[in-house]
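# Examination of the molecular architecture
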Amino acid sequence: MTKLNSLETLLLHEVQDLYSAEKQLVKALPKVAKKVSSPQLRSAVEEHLQQTEQHVNRLEQVFGLLGADPKARTCKAMKGLINEADEMMSEKASPATRDAAIIAAAQKVEHYEIASYGTARKWAQTVGRDDITRLLDETFKEEEQTDRRLTELATSGINQKAAEQMEEEDFAE
Ligand code: FE
Ligand code: FE
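Just so it is clear, the model here is predicted, and its values are computed rather than measured.

For the iron ion (ligand 2), every protein donor is listed as His48 (NE2), Glu110 (OE), Glu110 (OE), Glu113 (OE) and Glu143 (OE), and the spread of their distances is 2.0 to 2.6 Å. Counting residues between consecutive donors of the iron ion (ligand 2) along the chain gives the motif H-x61-E-x2-E-x29-E. The iron ion (ligand 1) is placed at 3.3 Å from the iron ion (ligand 2), the two being bridged by Glu113. Here the residue His48 occupies a position in helix 2 (residues 39-65), and Glu113 occupies one in helix 4 (residues 95-126), the gap between them amounting to 65 residues. Summarising the burial analysis for this pair, His48 and Glu113 share the class buried.

Okay, the packing of aromatic side chains next. The tally for this structure, following the rule as stated, stands at 1 aromatic pair. The interplanar angle of 70° and the centroid separation of 5.2 Å between the aromatic rings of Tyr19 and Phe63 together place this pair among those described as edge-to-face. Here Tyr19, found in helix 1 (residues 7-35), pairs with Phe63, found in helix 2; they are 44 residues apart in sequence, far enough to count as distant. Taking the relative accessible area as the measure of exposure, Tyr19 reaches 5% and is therefore buried. Since its relative accessible area comes to 0%, Phe63 is described here as buried.

What counts, and at which threshold
- Residues numbered from 1 in each chain as written.
- Chains lettered and ligands numbered in written order.
- Predicted model: local features only at pLDDT ≥ 70, side-chain atom pairs only at ≥ 80, totals over all residues.
- Heavy atoms only, no water.
- Donors = N, O, S within 2.8 Å, 3.2 Å for Na, K, Ca; no water.
- Helix = DSSP H or I, 4+ residues; strand = E, 2+ residues; numbered from the N terminus.
- Buried < 20%, exposed > 50% of the residue type's maximum accessible area, 1.4 Å probe, protein only.
- Phe/Tyr/Trp six-rings, centres within 6.5 Å; stacked < 30°, edge-to-face > 60°.

These results come straight from atomic positions and should not be treated as a statement about function.
In structure tokens:
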């Protein structure tokens, strides 16, 4: 077990956690894309998959700059978030309701990443590593953009559609 005796080791620890988280997402996002109904949501998920592959690359660059080998430390939080999403996606649901649920799950993931990258980039800045700060900040911004795009998709129609589907079902009973 590593001793967390400096901000730099803490940063390395966080980068190892993120490396695991991003790799889990690279595996999970194609499955999510298949379950999506809205074409706009599907392209958002697919585009974020491409970004996520870049996030893995950037973390590998960060490992290099830290003089460490790329090593993933299983991110249990991401495992949990993905498990919840899997469970939810296997439930029966109307298409728009499932899309609304997928957006919710995806935003939890983005918020986790925003918190982690937000902290990691500050730590990198504090230890005077502008090169690492820049890389982490690039990813941080993409996670934020994705989060905003998901909010946009939810509030510009998908949530409303899901609400209407529920009402129709109630009416049919
Ligand atoms: Fe990411
Ligand atoms: Fe992300």
